[in-house]
Amino acid sequence: DLEALELEGREYIFQLDKSAGARKNKVGIFEWDYYSNITKENEEKWIQARIEQSQQEKRAWEETKMYRWQDFQDFTLRRMFKKYSKLGVSALPDEKYKQLMKLIADMESNYATAKICEYKDRSKCNLSLEPEITDLFAKSQDPEELKHLWVEWHKEAGAKARNNFTEYVGLYNEAAKLNDYKDVADWWQSEYEADADNFEQQLAKIWEDVKPLYQQLHAYVRKRLRDKYGDHIVSARGPIPAHLLGNMWAQSWNNIQSFTRPYPDKKEIDITQSMKSQNYTALKMFQMSDEFFRSLNLSAMPPKFWKNSIIEKPTDREIVCHASAWDFYDGEDFRIKQCTTIDYEYFQTTHHEMGHIQYYLQYRNQPFVFRDGANPGFHEAVGDTIALSVSSPKHLRRVGLTTGDAEDEQTEINQLYKMGLDKIVFLPFAYAIDQFRYGVFRGSTTPEDYNCHYWKLRESLQGLEPPVNRTEEDFDAAAKYHVSANVEYARYYVSFIIQFQFHRALCQLAGEYVPEDLNKKLVDCDIYQSIAAGNAFANMLKMGSSKPWPDAMEVLTGQRSMKADGLLEYFRPLYEWLQAENQRTGEYIGWEPSKMQYC
Ligand SMILES: C=C(C[SeH])C(=O)N1CCC[C@H]1C(=O)O
Ligand SMILES: [Zn+2]
């Protein structure tokens, strides 16, 4: 009878889940060894381990198909079976599976080991992205040097990946179809459990809500850059050249805050300078982040975390420097790998990565198949939500990273501007990255016009243009880690929206934010040491992916959908200031078509 069948199904799926967890642990160790020591030998070992895992998964998948789990009464049981009924890339025949793994590994190692020559001394050709190129890009205010670094990096890390990427798209789409998805775009979006094209409608709605704020910020920054570099470099009504914004991908404009902020005579909050003058170390940054989480009654980092993590770039080997957090699915072994430098950006990144580890710790008693974010955006939002408190003036004063004067109107606008250069600026970038890849996977963007489509999106969404003309010899999208490393990117777009919904709820629980109370503003909320906020956060995080994400979001925020209202409320004073300022200077809002050639 059905009762007995369901009982048998329960036995089976929990057994399968346990062995799946053991497989993930084993493959994870090989993957870590490769990412933290890029050699041909380690790449081969990792791919071999992946092949063995995929063969075992295929056998288990055949067995799982025999159960009529759709008729089971228990919701959790049905959800576990549903997740295990999707085989993933292992559905590819062995040879194709191996080829796909190799393509991704080769693109990723090309990105991780790419080197370029200096602008000043062309004989010095050993510049890596981290820390050399990143630091130069953050500090240089020489448009010619920035142009050189931009062009050379996009050649080494982007153009070189074009052929591998094209082949990867074909194989990855084959895997999608074997999993009953139309294409990889459909597969990636299924992670958000939205019906049909609803997920893309949600993304579009959010952009519609945020675009006016972005356009005001874009217009203001363009004016300040024109003041600095002259109108022969920055036009009055055109897109902004992408190499002048302090970041290789123009995804965050924080590095130009110092010479563009609204009230320059107000003391600058220069966290990087404070950290350096206080002899901060990478370890201290990690200990401070761990202490913040513990202050909320959340979990401490376990011993293996401090023992096994790599928090500074090794000098004796090549590694994948791009920051990452790892769950080895044994309840004890959790690691971060990052090439920390002592600056504001890495202070943020450290909290971002520690947020991933905290999520792993909170859901570590879930079945393995539920040890995941409620949706991929949740996982990216945990650390950033905490960092919203950490980067508040109140908290920075608390930890001695800024001194003196309490909030006055102008300082608050400067603070919101600094936050906006990270959080508002990022949204059209993230939107462009996966709009581009959706088109590629759907076939509406072909290899013959990869770069043309990429720059059309960059111009229409971000209001940027390339510093030099582009052709289809280039492949600028792959100059961004996630495109070379096959990491979906809409997760960050979602994260930068929901983290403000989480932050607002936590601030209310901490008594730090009261709507309409001018002494309890969102911009100066710091939930540090609030057990009430921490417990509510933990209740959501513990769920992992055991329920559809609206249930998880509702537990913390009472909302069941992602909405830009949290972000817009946080930045409202800045929005009003920007509108008034752009009116005062008569700045043109938006951008006319670029005169650069890229299609
Ligand atoms: C820090 C990570 C590792 Se999950 C990252 O890739 N982030 C964090 C914010 C956006 C995105 C990026 O750097 O492009
Ligand atoms: Zn992340």
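Computed from a prediction, not measured in an experiment: that's the story for all the values here. (Residues numbered from 1 in each chain as written. Chains lettered and ligands numbered in written order. Predicted model: local features only at pLDDT ≥ 70, side-chain atom pairs only at ≥ 80, totals over all residues. Heavy atoms only, no water.)

K.L.:
Looking at this structure, I do not really get helix α19 (residues 490-509). What am I missing?
P.N.:
Residues separated by three or four positions in an α-helix point in the same direction, a consequence of the helix having 3.6 residues per turn. Here α19 spans 29 Å end to end across 20 residues, near enough to the 28 Å set by a 1.5 Å rise per residue. The axis of α19 is deflected most strongly, by about 30 degrees, at Phe496. Most of α19 is tucked away, with 17 of its 20 residues classed as buried. Two residues or fewer after α19 comes Gly511, characterised by a positive phi angle close to 70 degrees. (Helix = DSSP H or I, 4+ residues; strand = E, 2+ residues; numbered from the N terminus. Expected span 1.5 Å × (residues − 1). Bend = angle between axes of the 7 residues up to and from the residue. Buried < 20%, exposed > 50% of the residue type's maximum accessible area, 1.4 Å probe, protein only.)

K.L.:
Can you walk me through the packing of aromatic side chains in this structure?
P.N.:
What describes a pair of aromatic rings is the distance from one ring centre to the other and the angle between the planes of the rings. Summed over all chains, the structure comprises 59 aromatic pairs. Plain terms: the ring middles of Tyr489 and Tyr492 are 4.6 Å apart, the flat faces sit at 50 degrees to each other, and that makes the pair tilted. Summarising the burial analysis for this pair, Tyr489 and Tyr492 share the class buried. Each ring, one from Tyr570 and one from Phe571, has its centre 4.8 Å from the other, and the planes form 70 degrees; the classification is edge-to-face. (Phe/Tyr/Trp six-rings, centres within 6.5 Å; stacked < 30°, edge-to-face > 60°.)

K.L.:
Before we go on, may I ask you to explain the site of ligand 1 in this structure?
P.N.:
For ligand 1, the full set of nearby residues is Gln251, His322, Ala323, His352, Glu353, His356, Glu380, Phe426, Lys480, His482, Tyr489 and Tyr492. In the environment of ligand 1, an oxygen atom lies 2.7 Å from a nitrogen or oxygen atom belonging to the side chain of His322. Separating an oxygen atom of ligand 1 from a side-chain N or O atom of Tyr492 is a distance of 3.3 Å. Burial of ligand 1 by the protein chains amounts to 83% of its free accessible area of 370 Å². With three residues, helix α13 (residues 344-362) is the single largest residue contributor to the shell around ligand 1. In terms of residue class, the shell around ligand 1 is made up of four nonpolar, five polar and three charged. (Near = heavy atom within 4 Å. Polar contact = N/O pair within 3.5 Å; in protein donor to acceptor, adjacent residues only side chain to side chain. Areas by Shrake-Rupley, 256 points an atom, 1.4 Å probe, with all protein chains shown as cover. Nonpolar A, V, L, I, M, F, W, Y, C, P; charged D, E, K, R; others polar.)

K.L.:
What am I meant to see in the coordination of the zinc ion (ligand 2) here?
P.N.:
Each pair of donors in an ideal four-coordinate tetrahedral metal site encloses 109.5 degrees, whereas pairs in an ideal six-coordinate octahedral site enclose 90 or 180 degrees. Looking at the zinc ion (ligand 2), the protein donor atoms are His352 (NE2), His356 (NE2) and Glu380 (OE), and they sit 1.9 to 2.1 Å from it. Counting the intervening residues between successive donors of the zinc ion (ligand 2) yields the motif H-x3-H-x23-E. In this pair, His352 and His356 are both assigned in helix α13, four residues apart and thus about one turn of the helix distant. Both residues of the pair, His352 and His356, count as buried. (Donors = N, O, S within 2.8 Å, 3.2 Å for Na, K, Ca; no water.)

K.L.:
Looking at this structure, how should I read the nonpolar core?
P.N.:
In this structure, Tyr168, Val221 and Trp253 are the most contacted members of the largest nonpolar core, which totals 184 residues. Top contributing element to this core by residue count: helix α16 (residues 409-442), with 18 residues. With residues near it in sequence (within four places) discarded, Trp253 still touches Tyr214, His218, Val221, Ile240, Leu245, Leu421, Val425 and Leu464. If you look at the next biggest cluster of nonpolar residues, it comprises 14 residues, including Leu16, Ala60, Trp69 and Met80. (Core = buried A, V, L, I, M, F, W, Y, C linked by side-chain atoms within 4.5 Å. Contact = heavy atoms within 4.5 Å.)

K.L.:
I keep staring at the pairing of strand β2 (residues 324-327) and nothing clicks. Help me out?
P.N.:
Consecutive side chains of a regular strand alternate in pointing toward one face of the sheet and then the other. Burial along β2 is two-sided: the face carrying Ser324 and Trp326 and the face carrying Ala325 and Asp327 are both buried. In this structure, β2 lies alongside strand β3 (residues 334-337), joined through four bridges in antiparallel fashion. The residue bridging Trp326 from the neighbouring strand is Arg335, located in β3. Count of turn residues in the β2/β3 antiparallel hairpin: six residues, of which Tyr329 carries a positive phi of about 55 degrees. (Pairing = 2+ DSSP bridges.)

K.L.:
Explanation requested: the state of the cysteines in the structure shown.
P.N.:
Cysteine pairs can be covalently joined through their sulfur atoms, and such a bond is termed a disulfide. Under the defined criterion, the tally for this structure stands at four disulfides. Covalent S-S linkage joins Cys321 and Cys339, the inter-sulfur distance amounting to 1.9 Å. Disulfide Cys321-Cys339: the torsion about the S-S bond is -90 degrees, which places it as left-handed. You can see Cys321 sitting in the loop between α12 (303-308) and β2 and its partner Cys339 sitting in the loop between β3 and α13, a full 18 residues away along the chain. (Disulfide = S-S within 2.5 Å.)

K.L.:
Where do I start with helix α22 (residues 565-585) in this structure?
P.N.:
In this model, α22 (21 residues) spans 28 Å end to end at C-alpha, consistent with the 30 Å of a helix rising 1.5 Å per residue. Along its length, α22 shows its largest kink, about 60 degrees, at Phe571, and proline Pro573 lies within four residues downstream of that point. Here α22 has its buried residues at Gly566, Leu567, Tyr570, Phe571, Leu574, Trp577, Leu578, Glu581 and Asn582. Against α9 (198-229), α16 and α19 lie the buried residues of α22. Gly586 occupies a position one or two residues after α22 and carries a positive phi of about 70 degrees.

K.L.:
Would you explain the environment of Lys96 in this entry?
P.N.:
Checked against the element boundaries, Lys96 lands in helix α4 (residues 94-113). Between the alpha carbons of Lys96 and Leu171 there is a distance of 7.1 Å; along the sequence they are 75 residues apart. Every residue in contact with Lys96, bar those within four places of it in the chain, is listed here: Leu171 and Glu174.

Purely spatial values, then, with no claim about function.
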